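Below are the chains, spelled out letter by letter.
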Amino acid sequence: MNHNLSRSLKTIVSKSKANPIVDLVQELFHSRNVMHLAHLKTNSYAAHVAIGEYYDAVLDFADTLVETAQGCESNLLDITIPAASYEEPLTHLAKMKE
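About the cut-offs
- Residues numbered from 1 in each chain as written.
- Predicted model: local features only at pLDDT ≥ 70, side-chain atom pairs only at ≥ 80, totals over all residues.
- Heavy atoms only, no water.
- Helix = DSSP H or I, 4+ residues; strand = E, 2+ residues; numbered from the N terminus.
- Contact = heavy atoms within 4.5 Å.
- Axes fitted to C-alpha atoms, helices over the stretch in contact; angles between N-to-C directions.
- Parallel < 35°, antiparallel > 145°, perpendicular 65-115°, else oblique.
- Nonpolar A, V, L, I, M, F, W, Y, C, P; charged D, E, K, R; others polar.
- Patch = residues over 30% accessible without salt bridge, like charges linked within 9 Å, V, L, I, M, F, W, Y side chains within 5 Å.
- Areas by Shrake-Rupley, 256 points an atom, 1.4 Å probe, with all protein chains shown as cover.
- Salt bridge = Lys/Arg side-chain N within 4 Å of Asp/Glu carboxyl O.
- Lys, Arg positive; Asp, Glu negative; His and termini not counted.
- Charge placed at Lys NZ, Arg CZ, Asp CG, Glu CD.
- Core = buried A, V, L, I, M, F, W, Y, C linked by side-chain atoms within 4.5 Å.
- Buried < 20%, exposed > 50% of the residue type's maximum accessible area, 1.4 Å probe, protein only.
- Phe/Tyr/Trp six-rings, centres within 6.5 Å; stacked < 30°, edge-to-face > 60°.
- Lys NZ or Arg CZ within 6 Å of the ring centre and 35° of its normal.

A. Structural context of the environment of V25. Within the secondary structure, V25 is located in helix α2 (residues 20–41). C-alpha of V25 to C-alpha of V58: the two residues are 33 residues apart in sequence and 9.6 Å apart in space. Not counting residues within four places of it along the chain, the set of residues in contact with V25 comprises A62, L65, V66 and I79.

Next up, the structure:
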């Protein structure tokens, strides 16, 4: 586990009643599902590959965040995954950036 990530997560979680890690992870899981739908719907091979790389990487990142936060808190997080539907990939990523 990355020590700096662990320390940062512990600080974030301890300062907030609502858990911002849970909020972020839920958004990441939602994004993964939106992008998987876009991956399956594209006619472009390049977009198909790029979107596939995104949803694989975001899933690994979200998993690392959850496991690190749970280790910091010694507590399992209550995470739900919002329903997803197709969105145009670049529009979705722009919303995620905001």
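Moving on from the model shown.
B. Structural context of the packing of α2 against helix α4 (residues 89–97). For the pair α2 and α4, interaxial distance at closest approach is 10 Å and the crossing angle is 170°. On the basis of their axis angle, the class for α2 and α4 is roughly antiparallel. In contact with E27, L28, H30, S31, V34, M35 and A38 of α2, α4 contributes P89, H92, L93 and M96. The residue makeup of the contact of α2 with α4, split by class, is seven nonpolar, three polar and one charged.

C. Looking closely at a negative patch on the surface. The grouping of E53, D56, D60, D63 and E67 at the surface amounts to a negative patch. The residue D63 is located in helix α3 (residues 45–73) in this model.

D. Representation of the nonpolar core in the model. Of all hydrophobic cores here, the largest spans 11 residues; its members are I21, V22, V25, L28, F29, V58, A62, L65, V66, A69 and L77. Among the secondary structure elements, those contributing two or more residues to this core are α2 and α3.

E. Spatial organisation of the packing of aromatic side chains. The full count for this structure, using the stated rule, is zero aromatic pairs. The side chain of K41 reaches across the aromatic face of Y86, ending 5.1 Å from its centre.

Interpretation in functional terms is not warranted from these geometric data alone.
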